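# Close look at the chain arrangement
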Amino acid sequence: MVNTAVKASSMSGRRKRENLHNWLATFVVLIFAMLVLLPIWWIFRSSLMSVGALNAYPPSFIPHEWLWANYSKALETFEYWRYFVNTFSIIIPAVLFGTVTAIFCGYSFARLRFRGKKLFFSICVSTILLPGMVTLIPLYIVWTKFLGLGDTYWPLILPFLTGGGFFNIFLIKQFIMTIPRDLDEAASIDGAGRMRILWTIIVPAIKPAIVVVAMMLFIQIWNDMLQQIIYINSMSKFTFAIALTNFTGSFGTNWPVALAATFMTIAPGIIIYIFGQKSFVEGIVLTGMKN
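Throughout what follows, the structure given in this document is the object of discussion. (Residues numbered from 1 in each chain as written. Predicted model: local features only at pLDDT ≥ 70, side-chain atom pairs only at ≥ 80, totals over all residues. Heavy atoms only, no water.)

### Side note on the side chain of Gln 228
You can see Gln 228 is positioned in helix H12 (residues 225–231). The class of Gln 228 is buried, set by a relative accessible area of 4%. Not counting residues within four places of it along the chain, the set of residues in contact with Gln 228 comprises Leu 156, Ile 221, Thr 239, Ala 241 and Ile 242. (Helix = DSSP H or I, 4+ residues; strand = E, 2+ residues; numbered from the N terminus. Buried < 20%, exposed > 50% of the residue type's maximum accessible area, 1.4 Å probe, protein only. Contact = heavy atoms within 4.5 Å.)

### Topic: the state of the cysteines
Under the defined criterion, the tally for this structure stands at zero disulfides. In this model Cys 105 remains outside any disulfide bridge; the closest cysteine sulfur is found in Cys 124, 7.5 Å from its own. (Disulfide = S-S within 2.5 Å.)

### Considering helix H11 (residues 207–222)
Every α-helix winds through 3.6 residues per turn, so residues three or four apart in the chain are directed the same way. For H11, spanning 16 residues, the distance from its first C-alpha to its last is 22 Å, which sits close to the expected 22 Å at 1.5 Å a residue. Among the residues making up H11, those that are buried are Pro 208, Ala 209, Ile 210, Val 212, Val 213, Met 215, Leu 217, Phe 218, Ile 221 and Trp 222. (Expected span 1.5 Å × (residues − 1).)

### Notes on the packing of aromatic side chains
For any two aromatic rings, the description comes down to two numbers: the centre-to-centre distance and the angle of the planes. Applying the stated criterion across every chain yields a total of 27 aromatic pairs. Pairing Phe 78 with Phe 240 gives two aromatic rings, centres 6.2 Å apart and planes at 15°, and the pair type is stacked. Taken as a pair, Phe 78 in the loop between helix H3 (69–77) and helix H4 (80–111) and Phe 240 in helix H13 (residues 240–243) lie far apart in primary sequence, 162 residues in all. A single burial state applies to Phe 78 and to Phe 240, both of which are buried. Just above the ring of Trp 42 sits the side chain of Arg 45; from NZ or CZ to the centre is 3.9 Å. (Phe/Tyr/Trp six-rings, centres within 6.5 Å; stacked < 30°, edge-to-face > 60°. Lys NZ or Arg CZ within 6 Å of the ring centre and 35° of its normal.)

### Side note on the nonpolar core
Residues Ile 172, Ile 202 and Ile 206 are the most contacted members of the largest nonpolar core, which totals 56 residues. Put simply, the parts of the chain that give this core at least two residues each are H3, H4, helix H7 (154–157), helix H8 (166–177), helix H10 (194–205), H11, H13 and helix H14 (255–286). The element contributing the most residues to this core is H4, with 12 residues. If we ignore the near neighbours within four places in the chain, the residues touching Ile 206 are Ile 172, Phe 175, Ile 176 and Ile 179. (Core = buried A, V, L, I, M, F, W, Y, C linked by side-chain atoms within 4.5 Å.)

### Some remarks on the pattern of salt bridges
Enumeration over the complete set of coordinates arrives at two salt bridges. Close ionic contact of Glu 79 with Arg 82 constitutes a salt bridge, the shortest N to O distance being 3.4 Å. Judged by its relative accessible area of 40%, Arg 82 is partly exposed. In this structure, Asp 184 engages Arg 111 in a salt bridge whose closest nitrogen and oxygen atoms are separated by 2.8 Å. Separated by 73 residues along the polypeptide, Asp 184 in helix H9 (residues 181–189) and Arg 111 in helix H4 bring together distant segments of the chain. Owing to a relative accessible area of 6%, Arg 111 belongs among the buried residues under this scheme. (Salt bridge = Lys/Arg side-chain N within 4 Å of Asp/Glu carboxyl O.)

### Quick look at H3
When H3 is considered as a whole, its buried residues turn out to be Asn 70, Tyr 71 and Ala 74. End-on view of H3: buried residues confined to an arc of 100°, all on one side of the axis. (Arc of directions from axis to C-beta.)

### Some details on the side chain of Arg 45
Among the secondary structure elements, Arg 45 is positioned in helix H1 (residues 2–46). Of the side chains with opposite charge, Glu 65 comes closest to the buried, unpaired Arg 45, at an N-O distance of 13 Å. Of note is the side chain of Arg 45, whose polar atom sits 2.8 Å from the backbone oxygen of Ser 60. Setting aside residues up to four positions removed in sequence, Arg 45 forms contacts with Leu 54, Pro 59, Ser 60, Phe 61 and Pro 63. (Lys, Arg positive; Asp, Glu negative; His and termini not counted. Polar contact = N/O pair within 3.5 Å; in protein donor to acceptor, adjacent residues only side chain to side chain.)

### Quick notes on the packing of H9 against H10
Between H9 and H10, the least distance of the axes is 11 Å, while the angle of their chain directions is 135°. Classified by the interaxial angle, the pair formed by H9 and H10 is oblique. Between H9 and H10 the crossing geometry is right-handed. Where H9 approaches H10, its residues Leu 183, Asp 184, Ala 187 and Ser 188 are matched on the opposing element by Ile 197, Ile 201 and Ile 202. When the residues that make up the contact of H9 with H10 are grouped by side-chain class, the tally is five nonpolar, one polar and one charged. (Axes fitted to C-alpha atoms, helices over the stretch in contact; angles between N-to-C directions. Parallel < 35°, antiparallel > 145°, perpendicular 65-115°, else oblique. Left-handed = near helix turned anticlockwise from the far one by under 90°. Nonpolar A, V, L, I, M, F, W, Y, C, P; charged D, E, K, R; others polar.)

### A few points about the environment of Leu 75
Its location among the elements puts Leu 75 in helix H3. Residues Leu 75 and Ala 261, 186 residues apart in the sequence, show an inter-C-alpha distance of 7.6 Å.

### As for the environment of Ala 241
Note on placement: Ala 241 falls in helix H13. Considering only alpha carbons, one finds Ala 241 and Met 225, 16 residues apart in sequence, at a separation of 5.5 Å. Discounting chain neighbours no more than four positions away, the residues touching Ala 241 are Trp 222, Met 225 and Gln 228.

### Comments concerning the environment of Leu 136
Mapping Leu 136 onto the fold places it in helix H6 (residues 132–146). For Leu 136, a relative accessible area of 14% gives the class buried. Leu 136 sits 90 residues away from Leu 226 along the chain, and the two C-alpha atoms are 9.7 Å apart. In contact with Leu 136, other than residues within four places in its own chain, are Leu 226, Gln 227, Ile 230 and Tyr 231.

Rendered as structure tokens:
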């Protein structure tokens, strides 16, 4: 009886410690989450204030007056839907090409046997160490001078025919390597070819990795103002990233209206992440893990 009471007491104490640790961990996560969300809230809060209230000191965390008219003022000069179409005219084909080619390349490195496989893989790994600024000018000369694709979206889309970067290929490869080869062999015995094995067995099994690659490509293109501003010159072809620079000028900037336009441009990215965050987190956690 005494031993049973001691065990019950120790288990009760262990549960209390675990509950305490869980509460502390939750509190720490909430603090970091608030720090991450603070800039987004500050943009939204500032977009609903007047210029005077925005410049007031000390700053208020919540607007005293919610000026939703700032969004209608922003839409008067900020052609939101045109920039929306222009931006996604780059994102949709680039993400599609990058994801599909990353799947093919990752499958090739994970499953196929061919001469020079290790050499090609090593060369691809070395491309990660090459800064993008090094290739910026040579690529600009090739796209504009030799191929005549200046002021078009093609220089921003065609590079993603190579998987959108070796990290995406490596991520897909690592996921495919976690799938037993016995499934491939069983399917080949039943008469399935490599393409059928890839699209009916491999791809459904690596869905989290595919979502991660697609979302990372989306974020990369969405934030890539440098290349967009280099290749796109016509105002009718401006993307969100370029169009936001129109709100700054020599005679001052109406920051509440500019921040209203900024919040409208980041809203699609937030919505897309909310819908895909479960698979995104799962893909990051499972990267490289073996069954």
